[in-house]
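Survey of secondary and tertiary structure
Read off the chains here:
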Amino acid sequence: MRKRGAVHDHSADLPAFRRHVGDRLRFLRHRAGLTQQALAERAGLDKQAVSLIENGHQSPRLDTAKRLAAALGISLAELVNDRA
């Protein structure tokens, strides 16, 4: 049982979060019929950044996630949560 005010180490959750966001981004990009290059151009990013995120090697910063969501025509919540 967690004590009130105790700090939880989320570092172990980071790889799972990266994979989830990457898989979700890939799914949404495919659904939109876009290549990584096309999505990157719409979001003002380079293709390598999209690839790193989709493959779970990098978590997008908040501003990057917002740009990706806008480029896909979805909300930020839809990008990170498949129940949104």
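Note that the structure is predicted; figures quoted are calculated from it, not measured.

Description of helix α2 (residues 36-43)
- When α2 is considered as a whole, its buried residues turn out to be Gln-36, Leu-39, Ala-40 and Ala-43. In an axial view of α2, the angular spread of the buried residues amounts to 100°, which keeps them on one side of the axis. The outward face of α2, more than 90 degrees from its buried face, is lined by the exposed residues Glu-41 and Arg-42.
- Contacts made by the buried residues of α2 are with α1 (14-31), α3 (47-54) and α4 (62-72).
- A positive phi of about 75° marks Gly-44, the residue just after α2.

Some remarks on the packing of α1 against α3
- Two elements in contact, α1 and α3, have axes whose closest approach is 7 Å; the angle formed by their N-to-C orientations is 120°. Taken together, the axes of α1 and α3 lie oblique to each other. On α3, the residues touching Arg-18, Val-21, Gly-22, Asp-23, Leu-25, Arg-26 and Arg-29 of α1 are Val-50, Ile-53 and Glu-54.
- Looking at side-chain class alone, the contact of α1 with α3 contains four nonpolar, one polar and five charged residues.

Re α1
- Here α1 is 18 residues long and its end C-alpha atoms lie 25 Å apart, about the 26 Å a rise of 1.5 Å per residue gives.
- Of the residues making up α1, those classed as buried are Val-21, Gly-22, Arg-24, Leu-25, Leu-28 and Arg-29. One side of α1 holds all its buried residues, which, seen down the axis, span an arc of 165°.
- Each element contacted by the buried residues of α1 is listed here: α2, α3, α4 and α5 (76-80).
- Gly-33 sits one or two positions beyond α1 and adopts a positive phi of about 70°.

Cut-offs and rules
- Residue numbers run consecutively from 1 along every chain, following the written order of its sequence.
- For a predicted model such as this one, the threshold for reporting local features is a pLDDT of at least 70, and the threshold for listing and counting side-chain atom pairs is 80 or more; totals across whole chains, interfaces and linings nevertheless cover every residue.
- As a rule here, side-chain values come from all non-hydrogen atoms in the structure, and water together with hydrogens is ignored.
- Relative accessibility under 20% of the residue-type maximum defines a buried residue, over 50% an exposed one, and the middle range a partly exposed one, all with a 1.4 Å probe and only protein chains included.
- Think of it this way: any DSSP run of H or I at least four residues long counts as a helix, any run of E at least two long counts as a strand, and we number them from the N terminus.
- Arc, as used here, means the arc of the directions from the helix axis to the C-beta atoms.
- Only heavy atoms matter for contacts: two residues are in contact if any of them lie within 4.5 Å across the pair.
- The axes used here are C-alpha line fits, helices contributing only the stretch in contact, and every angle between their N-to-C directions lies in the interval 0 to 180 degrees.
- Each angle is binned into one of four classes, with values under 35 degrees roughly parallel, values over 145 roughly antiparallel, values of 65 to 115 roughly perpendicular, and all other values oblique.
- Only Asp, Glu, Lys and Arg are considered charged, only Ala, Val, Leu, Ile, Met, Phe, Trp, Tyr, Cys and Pro nonpolar, and every remaining residue, Gly among them, polar.
- The span expected for a helix works out to 1.5 Å for each residue beyond the first.

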